[in-house]
Amino acid sequence: MSSDHNPHWHRNLLVCLFGSFSTLVGMTLMLPFLPLYVEELGVKDHAAIVQWSGIAYGATFLTAGIVAPLWGHLGDRYGRKPMLIRASFGMAICISLIGFSTNVWQLLALRLLTGIAGGYSSGATILVAVQTPKNRSAWALGVLSSGIMAGNLIGPLIGGSLPPLIGIRATFWLSGGLIFIAFLATTFLVKEGPRPAGAAKNRPKGGWSHIPRRDVVLTMLFTGMLLMFANMSIEPIITVYVSTLVADPARVTFVAGLAMSAAALGSILSASRLGRLADRIGHAYVIVLALCVAAVLLIPQAFVTAGWQLVGLRFLMGLALGGLLPCIAAVVRHNVPDHFVGSIMGYSVSSQYVGQVTGPLLGGYVGGHYGMPAVFLGTSVLLLAGALGTWRVAGAAGRKTAAAAKVE
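Everything in this summary refers to the structure shown in the same document. Owing to the predicted nature of the structure, the values given are computational and were not obtained by experimental measurement. (Residues numbered from 1 in each chain as written. Predicted model: local features only at pLDDT ≥ 70, side-chain atom pairs only at ≥ 80, totals over all residues. Heavy atoms only, no water.)

A word on the overall build of the protein chain. Within the protein chain one finds 18 helices and 0 strands. In terms of overall size, the protein chain behaves like a compact globule, its C-alpha atoms giving a radius of gyration of 21 Å where 408 residues would be expected to give roughly 22 Å. Taken over the C-alpha atoms alone, the protein chain extends approximately 65 × 45 × 30 Å along its principal axes. A burial count over the protein chain gives 54% of its 408 residues as buried. Within the protein chain, contacts between residues separated by at least 24 positions form 85% of all contacts whose residues are at least 6 apart in sequence. When the accessible area of the protein chain is evaluated, it comes to approximately 17,500 Å², of which 71% is carbon and sulfur surface. For the protein chain, the separation between the mean place of its 27 positive charges and that of its 12 negative charges on side chains is 9 Å. (Helix = DSSP H or I, 4+ residues; strand = E, 2+ residues; numbered from the N terminus. Rg over C-alpha atoms; globule rule 2.2 N^0.38 Å. Buried < 20%, exposed > 50% of the residue type's maximum accessible area, 1.4 Å probe, protein only. Contact = heavy atoms within 4.5 Å. Areas by Shrake-Rupley, 256 points an atom, 1.4 Å probe, with all protein chains shown as cover. Lys, Arg positive; Asp, Glu negative; His and termini not counted. Charge placed at Lys NZ, Arg CZ, Asp CG, Glu CD.)

A few words on the pattern of salt bridges. Side-chain pairs of opposite charge can arise whenever the charged atoms involved come near each other. The final tally for this structure, using the stated rule, is 2 salt bridges. Among the ionic pairs, Glu40 bridges to Arg169, the shortest N-O distance being 3.4 Å. Here Arg169 lies in helix α9 (residues 168-189) and Glu40 lies in helix α2 (residues 34-40), a separation of 129 residues in the sequence. One salt bridge in this structure joins Asp76 and Arg80, with 2.5 Å as the shortest N-O distance. Taking the relative accessible area as the measure of exposure, Asp76 reaches 4% and is therefore buried. On the basis of relative accessible area, Arg80 is assigned to the buried category, the value being 9%. (Salt bridge = Lys/Arg side-chain N within 4 Å of Asp/Glu carboxyl O.)

Moving on: empty space enclosed by the protein. One simple way to see leftover space: roll a probe sized like a water molecule over the atoms. By the definition in use, this model includes 1 cavity of 30 Å³ or more. Taken as a whole, the largest cavity encloses approximately 80 Å³ of empty space. Lining of the largest cavity is provided by Ala68, Trp71, Gly72, Gly75, Arg80, Met83, Arg86, Gly119, Ser122, Gly123, Ile126 and Gly346. At 4 residues, the largest contribution of residues to the lining of the largest cavity is made by helix α3 (residues 46-78). A class-by-class count of the residues in the lining of the largest cavity yields 4 nonpolar, 6 polar and 2 charged. (1 Å grid on protein atoms, 1.4 Å probe; cavity = no way out; pocket = protein on both sides within 12 Å on 5 of 7 lines; lining within 4 Å. Points joined across faces, edges and corners; volume = space filled by probe spheres on them. Nonpolar A, V, L, I, M, F, W, Y, C, P; charged D, E, K, R; others polar.)

Moving on, we get to a nonpolar patch on the surface. Among the surface-exposed residues, Phe89, Ile93, Leu97, Phe100, Trp173, Phe180, Leu184, Phe188 and Leu189 lie close enough to one another that they form a single nonpolar patch of about 850 Å² accessible area. Taken together, the elements giving at least two residues each to the nonpolar patch come down to α4 (80-98) and α9. Broken down by element, the nonpolar patch gets its largest block of residues, 5 residues, from α9. With respect to the helices and strands, Phe180 occurs in helix α9. (Patch = residues over 30% accessible without salt bridge, like charges linked within 9 Å, V, L, I, M, F, W, Y side chains within 5 Å.)

Quick look at the environment of Gln356 now. Tracing the backbone through its elements, the reader meets Gln356 in helix α17 (residues 341-370). As for Gln356 and Gly318, which are separated by 38 residues in sequence, their C-alpha atoms are 16 Å apart.

Let us now look at the packing of aromatic side chains. Evaluation of the coordinates by the stated rule reveals 9 aromatic pairs. Geometrically, the ring pair formed by Tyr37 and Phe172 is tilted, given 5.4 Å between the ring centres and 45° between the ring planes. Residue Tyr37 is located in helix α2, and its partner Phe172 is located in helix α9; the two are separated by 135 residues in the primary sequence. You'll find Tyr37 and Phe172 in the same group, each marked buried. With 5.2 Å between their ring centres and 45° between their planes, Tyr241 and Phe376 make a pair best called tilted. Of this pair, Tyr241 sits in helix α12 (residues 235-243) while Phe376 sits in helix α18 (residues 372-407); the two residues are 135 residues apart in sequence, bridging distant segments of the chain. Exposure class is identical for Tyr241 and Phe376. Each is buried. (Phe/Tyr/Trp six-rings, centres within 6.5 Å; stacked < 30°, edge-to-face > 60°.)

Look at α3 against α17: their axes get within 6 Å of each other, and the N-to-C directions meet at 170°. One element, α3, and the other, α17, form an angle in the roughly antiparallel class. Of the residues in α17, those in contact with Phe61, Ala64, Gly65, Ala68, Pro69, Gly72, His73 and Asp76 of α3 are Val341, Gly342, Ser343, Gly346, Tyr347, Val349, Ser350 and Tyr353. The residue makeup of the contact of α3 with α17, split by class, is 8 nonpolar, 7 polar and 1 charged. (Axes fitted to C-alpha atoms, helices over the stretch in contact; angles between N-to-C directions. Parallel < 35°, antiparallel > 145°, perpendicular 65-115°, else oblique.)

In this section: the nonpolar core. Val242, Ile287, Leu310, Val336, Phe376 and Leu383 are the most contacted members of the largest nonpolar core, which has 81 residues in total. No other element matches helix α14 (residues 283-301), which puts 10 residues into this core. In this structure Ile287 touches Met220, Thr223, Leu324, Cys327, Ile328, Val331 and Thr390, once residues within four positions along its chain are discounted. Phe33, Ala92, Ile179 and Tyr353 belong to the second-largest nonpolar core, a separate cluster that totals 29 residues. (Core = buried A, V, L, I, M, F, W, Y, C linked by side-chain atoms within 4.5 Å.)

This is the structure we're talking about:
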């Protein structure tokens, strides 16, 4: 069924919004108490606790990035709704079982399985991109992106407040129950539309060769990676950087938390609005403008003299970057055939995970060897280069499309 004639896309968007939010909460809520849980599972040495905490937390995102193209390919072949059902049910089981772990190896194995079973938010992005009318796609993807970012933001807040009230294990069980509700809502409320008999067997052959503007799609994959790199390159140094700006040591972690959350909050507020703007003026224009504004805002972050200045600039940067992921998804959707869009969106998710992994590594290295201002300035240069590349490729393609439409 054509996305432009799907009468259920509004309801599907709401269900996918809730499902993406709940699954991201489940993936991130353990960050504040993970070292405590690792210690509870029998690891006593301080260095070992830190090491195991990092391994266990990153394990989910590692396997999620590896299998994302596979789930996208299967979604193209057998339907996107089955992938959402699989992901929500699998994550509900895995996250609940984490609450029953008796040693750190079980915790690690279940975190790996959570990443393999997951992929709800990427599957939801594909479903919304395919079934939403093209002239509303960036807005709808912006709404969905707000839910995804809200899950990333609220997950650690829940993880910091619930364990003292109900215990660490019960926090996992409650999160698993929330995701199970998303599984039920997805199963009974999402309407994907009928698939023709033998659709999986008779789907068109070919992949990249059937994409007319492969350069545009590859540019979007790179831009998604660059966005996550820019977001994450600052994370390892924020607390240390704030300690040079705040006189009271007791307030350092509080201000650092505000700085980390400010960018996410700004993105949540702007995603749907920038998506609506992109639907009107063109996605490439919004991507380039957002990258340029964020690059400019990174420069004064290298020279701030107070914590509140950093928090304010991070918030403004979040406002600028909020529309990028939905716009990237919309450009991919418009340039990829329906039978291959899931696979490409899977590669897009994987490229973003590459940015999430390399950003903190390179940011920490540059900050440690060349000074913390160098991280902000270097990231600014990368964003400007990304804006230039996007304009040269995707912007040119958009101008050609608009000119062709006028001729017709």
